[in-house]
Amino acid sequence: MSDPENLAGKGPGTRLVGAGRRPEWTGTGDQPAAVVSPPVWRASTHLYPDMTALRAGTSANADGRFYYGRRGAPTQWALAEALTQIEPGAAGTVLYPSGVAAIAAVLLSVLKPGDVLLMTDNAYDPSRVMARGILKDYGVETRWFDPTDVAAFEAALCERTTAVLLESPGSLTMEVQDVSAICALARARGITTILDNTWASPLGFAALAHGVDISVMSLTKHVGGHSDVMMGSASAGEALYQKLRRRAQMLGQVVSPDDAALVLRGLRTMGIRLERETASAVAIARWLEGRPEVARVLCPMLAGSPGHALWQRDFTGGCGLFSFVLKGGTSAARDAFIDALSLFGIGYSWGGFESLATPVDPTAMRTASPWPLPGMDEADRFGIRLAIGLEDVGDLIVDLENGFRAWNKV
Ligand SMILES: *Cc1c(COP(=O)(O)O)cnc(C)c1O
């Protein structure tokens, strides 16, 4: 089915269906393409027919070669290749046991003692915690910059800057970054750019095509898509891919074939899930905008929302994740809002088939840019993040109406 050449130039839906389905991974040798999905190859030991083959297998550290479980087997290879096939410009993809593991391994692969890392101020909190903890311990200094201020980014560059971590939109506060402009400035100075592309996935934002060097995703979210598996990935061009691959082997980063098969299953339907979630999210965001209790809707997919112009310029799709800020109020009133919801689960993560709601309190996580955002009233600081799933919009709106009723009562 999927000779990689066959998928080149095809549409995203066609690529999602065919990606990673090489006949040698779905067949039995004499029967190529015997099954649809690559089977689960559970293996630590790989067997060699003789000593010559064992010696050759050990020294040839290349993709698709049996060696030992640390370099994966066809189930993991199929998922990695599928992710490469949906990321234009990627030469390869490395899998990690979680999104956080992917970010950590990527940073540890491109930074060394004495280096300065520039990190966007809206970065996922565990990325910040890494900077203050393990990176600091290893002699790497991190400086934060306002996500939407390219001039501030340029001013923050110094001789020791070797890497930049971007996240667009930020997964809490939804600022969209001018990724191309930032990457052009970095590339001219030989600085490696890393984008946490979990929100958009390659379907919504072609990271490498916009100048990013390494595109990282938490596969736990959209790709897995069913809230039952954790994994991460990093895709890059040839030189960085080889570096990441070797470093992952040194760090002993492997994913189980069972988990890889689950994520690969999620990948097949990611396109239609994202389309549906995007349409529902835009409808709900528009409805929220009309509510008197709402100060600001932070949804780049919605006309008039911060970041919408850049989103329209650079993105080919969205997802169900966005935030809104309530007018005034108290933390207790917001708790009452969220507690009154019954279709929205209360819990971390997003990108599953089910809707979720969590509070947004970024103050303690930002050092280079304000919250509330510029132009907003100081009193309007209690946010809620919604992950819109596959339920019906009308039902979700009724649920949110119950939330507003509870908010207004406190
Ligand atoms: C969830 C998330 C991660 C971390 O992924 P895990 O798989 O949970 O470790 C990284 N970045 C963003 C933007 C996320 O939302």
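Reading the values: the criteria
- Residues numbered from 1 in each chain as written.
- Predicted model: local features only at pLDDT ≥ 70, side-chain atom pairs only at ≥ 80, totals over all residues.
- Heavy atoms only, no water.
- Phe/Tyr/Trp six-rings, centres within 6.5 Å; stacked < 30°, edge-to-face > 60°.
- Helix = DSSP H or I, 4+ residues; strand = E, 2+ residues; numbered from the N terminus.
- Buried < 20%, exposed > 50% of the residue type's maximum accessible area, 1.4 Å probe, protein only.
- Pairing = 2+ DSSP bridges.
- Axes fitted to C-alpha atoms, helices over the stretch in contact; angles between N-to-C directions.
- Contact = heavy atoms within 4.5 Å.
- Parallel < 35°, antiparallel > 145°, perpendicular 65-115°, else oblique.
- Left-handed = near helix turned anticlockwise from the far one by under 90°.
- 1 Å grid on protein atoms, 1.4 Å probe; cavity = no way out; pocket = protein on both sides within 12 Å on 5 of 7 lines; lining within 4 Å.
- Points joined across faces, edges and corners; volume = space filled by probe spheres on them.
- Nonpolar A, V, L, I, M, F, W, Y, C, P; charged D, E, K, R; others polar.
- Domains from an automatic or database assignment.
- Buried area = accessible area lost by both parts, 1.4 Å probe.
- Salt bridge = Lys/Arg side-chain N within 4 Å of Asp/Glu carboxyl O.
- Polar contact = N/O pair within 3.5 Å; in protein donor to acceptor, adjacent residues only side chain to side chain.
- Near = heavy atom within 4 Å.
- Areas by Shrake-Rupley, 256 points an atom, 1.4 Å probe, with all protein chains shown as cover.

With respect to the packing of aromatic side chains
In this structure the tally under the stated criterion is 12 aromatic pairs. Their ring planes at 50° and their centres at 6.5 Å tell us that Trp25 and Trp77 sit as a pair that is tilted. Of this pair, Trp25 sits in helix α3 (residues 23-26) while Trp77 sits in helix α5 (residues 74-85); the two residues are 52 residues apart in sequence, bridging distant segments of the chain. We note that Trp25, like Trp77, is buried. Judged by centre distance (6.1 Å) and plane angle (75°), the rings of Trp199 and Phe315 are edge-to-face.

Brief notes about the sheet that holds strand β3 (residues 141-145)
The strand order β1-β7-β6-β5-β4-β2-β3 describes an open sheet built from 7 strands, whose pairing is mixed. Every other strand in the sheet has two partners, leaving β1 (92-96) and β3 as the edge strands with one partner each. This sheet shows a mean twist of 20° between the axes of neighbouring strands, independent of strand direction. As judged from the 5 bridges shared by β1 and strand β7 (residues 232-236), these two strands associate in the antiparallel manner. Each bridged residue has a counterpart across the sheet, and for Val94 the counterpart in β7 is Ala234. Against the sheet, helix α6 (residues 99-110) engages β1, β2 (116-120), β4 (161-167), β5 (192-196), β6 (214-218) and β7, with an angle of about 155° to β6. Relative to the sheet, helix α11 (residues 238-250) contacts β1, β5, β6 and β7, its axis offset from that of β1 by approximately 25°.

Digging into the packing of α6 against α11
Where α6 meets α11, the axes come as close as 10 Å, and the angle between the chain directions of the two elements is 110°. When the interaxial angle is binned, α6 and α11 end up roughly perpendicular. Classified by chirality, the crossing of α11 by α6 is right-handed. Here α6 contributes Val106, Leu108, Ser109 and Val110 to the contact with α11, which in turn contributes Leu240, Lys243, Leu244 and Arg247.

Side note on the layout of surface pockets
In this structure, the largest pocket occupies an estimated 570 Å³ of space. Lining the largest pocket we find 30 residues, and of these Asp63, Trp77, Ala80, Thr93 and Tyr241 sit closest to its centre. Mapped onto the lining of the largest pocket, the elements with two or more residues apiece are α3, α5, β1 and α11. Sort the elements by how many residues they give to the lining of the largest pocket and α11 lands first, with 6 residues. Here the lining of the largest pocket is composed, by residue class, of 11 nonpolar, 10 polar and 9 charged. Approximately 410 Å³ is the volume found for the second largest pocket. Along the wall of the second largest pocket there are 22 residues; nearest its centre are Tyr124, Leu172, Tyr348, Met365 and Arg385. No other element matches the 3 residues that strand β11 (residues 356-360) contributes to the lining of the second largest pocket.

Describing the domain arrangement of the chain
Here the chain is described as being made up of domain 1 (4-266) and domain 2 (269-409). Between the C-alpha centres of domain 1 and domain 2 there is a distance of 28 Å. Summed over both sides, the interface between domain 1 and domain 2 buries roughly 3,200 Å², with carbon and sulfur atoms accounting for 60% of that surface. Three residues, Leu172, Trp199 and His222, lead the burial of domain 1 against domain 2; their summed loss comes to 22% of the area buried on that side. Our count for the contact surface shared by domain 1 and domain 2 stands at 2 salt bridges. Here Arg313 and Asp178 are joined by a salt bridge, their closest N and O atoms 2.7 Å apart. Where domain 1 touches domain 2, the interface holds 20 residue pairs in polar contact (both at pLDDT 80 or more). Every element with two or more residues in the side of domain 1 that touches domain 2 is listed here: α7 (125-137), β3, α10 (201-204) and α12 (257-289). Of the residues in the side of domain 1 that touches domain 2, the class split is 14 nonpolar, 17 polar and 9 charged.

Considerations on the site of the ligand
The local shell around the ligand holds 15 residues, among which Gly99, Val100, Asp196, Thr220 and Lys221 are the closest. In the environment of the ligand, a nitrogen atom lies 2.6 Å from a nitrogen or oxygen atom belonging to the side chain of Asp196. Interatomic distance of 2.6 Å between a side-chain N/O atom of Thr220 and an oxygen atom of the ligand. When isolated, the ligand has an accessible area of 380 Å², and the protein chains bury 93% of it. In terms of residue count, α6 provides more of the shell around the ligand than any other element does, 3 residues in total.

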